[in-house]
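# A look at the structure
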Amino acid sequence: MTSPGPPIGDDDLQAYVDGRLPETRREAVESYLADRPEVREQIAGERRHVALLRASLDGKFAEPVPARLRIASVQARRRAQRVRGARVIAAGLMIFIVGAGSGWFASALLPAKPADIQIPGTMGITDGATAAYRTFVVEVAHPVEVTALQEAHLLQWLSKRLGRPLAAPNLSQFGYRLMGGRLLPAESGAAAQLMYDDASGRRLTIYVRAASGTETAFRFQQEGDTATFAWIDQGFGFAVTGMESRADLLPIAEAVYHQFTGKT
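Read on for a plain summary of the structure.

### Quick notes on the sheet that holds strand S1 (residues 146–147)
- Here seven strands make up an open sheet; going across it, the order is S1-S2-S3-S4-S7-S6-S5 and the pairing antiparallel. Because the sheet does not close on itself, it has two edges, and the strands there are S1 and strand S5 (219–223).
- Judged from the eight bridges that link them, strand S2 (residues 177–185) and strand S3 (residues 190–197) form a sheet pairing that is antiparallel. When the bridges of S3 are listed, Leu-178 appears paired with Tyr-196.
- Packing against the sheet, helix H6 (residues 151–162) makes contact with S1, S2, S3, strand S4 (203–210) and strand S7 (236–242), and its axis sits at approximately 30 degrees to S2.
- Sitting on the sheet, helix H7 (residues 246–261) is in contact with S4, S5, strand S6 (226–233) and S7, with an inclination near 30 degrees to S6.

Put into structure tokens, the structure is as follows:
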């Protein structure tokens, strides 16, 4: 007769095979198997397999635990790994600190840089004039935007864009005649370029744009075969650029200066 209780399930059968079934359920499972020969045969086979497996492992169970698997050894390895990891992190931090410190030390040895390095106004004028000269002096078809045939229109247009009256200096005494001019972009606002040439085809330019500063003294710059004299007067920068020697370009620059300022 089957003992009262919940129905026999797979958990009960597996516990019976493993020898983990409580005595209170053993009688119920055995009664269940007595009524089901096919299940009883299957469970018997599984119990024989478990017995053989246990017999083969009994020798291993009797052996001492290898030193590498002992808890103390495992804990020691873990501590060593943590120490190595900490050393790697510390080394990385040390490299960073030393690098940062050496950078600070090197910066302390170097002369301090000004917070805001100001480029002299005439330097900017010179660079702009030289770049514009090199760009357009080589042009054959369009060296100027408006030709000297429309001189009045050209000067009126450039004067309006620059915000000051602009006249084309007369350089005939140096063998140069006005070819025309063009409008150029500048750091703030616009710039004007007047181009001249002589009988041999050699070209010279006058560059004008708004500029800050009071550097009325000429600044000379030589870049390869290109020479420039620049100066600032009454809020505007001026530059004369050409393939001339310093000695030959200086009187031309002085003539341009006097004609622009009206000073003699």
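### Observations concerning the pattern of salt bridges
- By the definition in use, this model includes seven salt bridges.
- Arg-177 is paired through a salt bridge with Asp-197; the nearest N and O atoms lie 3.2 Å apart. With Arg-177 in strand S2 and Asp-197 in strand S3, this pair connects stretches of sequence that are 20 residues apart.
- Via salt bridges that share partners, Asp-198, Arg-202 and Glu-244 belong to a single interconnected network.

### Comments concerning H7
- If you check H7, its first and last C-alpha atoms are 22 Å apart, about what 16 residues at 1.5 Å a residue would give, namely 22 Å.
- Looking at H7, one finds that the buried residues are Leu-249, Ile-252, Ala-253, Ala-255, Val-256, Tyr-257 and Phe-260.
- Summarising the contacts, the buried residues of H7 are in contact with S4, S6 and S7.
- Phi turns positive, to about 75 degrees, at Gly-262, one or two residues after H7.

### Notes on the nonpolar core
- Counting 30 residues, the largest nonpolar core has Leu-171, Leu-194, Tyr-196, Leu-204, Ile-206, Val-208 and Val-240 as the members making the most contacts within it.
- Residue assignment for this core shows that the elements contributing at least two residues are H6, S2, S3, S4, S6, S7 and H7.
- Formed by 14 residues, the second largest nonpolar core is a distinct cluster that contains Ile-125, Val-144, Tyr-207 and Ala-230.

### Brief notes about the side chain of Arg-25
- As for its position among the elements, Arg-25 is in helix H2 (residues 23–34).
- Within polar-contact distance, the side chain of Arg-25 engages the side chain of Asp-12 at 3.0 Å.
- Dropping the residues within four chain positions of it, Arg-25 is found in contact with Gly-5, Pro-6, Pro-7, Ile-8 and Asp-12.

About the cut-offs
Residues numbered from 1 in each chain as written. Predicted model: local features only at pLDDT ≥ 70, side-chain atom pairs only at ≥ 80, totals over all residues. Heavy atoms only, no water. Pairing = 2+ DSSP bridges. Helix = DSSP H or I, 4+ residues; strand = E, 2+ residues; numbered from the N terminus. Contact = heavy atoms within 4.5 Å. Axes fitted to C-alpha atoms, helices over the stretch in contact; angles between N-to-C directions. Salt bridge = Lys/Arg side-chain N within 4 Å of Asp/Glu carboxyl O. Expected span 1.5 Å × (residues − 1). Buried < 20%, exposed > 50% of the residue type's maximum accessible area, 1.4 Å probe, protein only. Core = buried A, V, L, I, M, F, W, Y, C linked by side-chain atoms within 4.5 Å. Polar contact = N/O pair within 3.5 Å; in protein donor to acceptor, adjacent residues only side chain to side chain.

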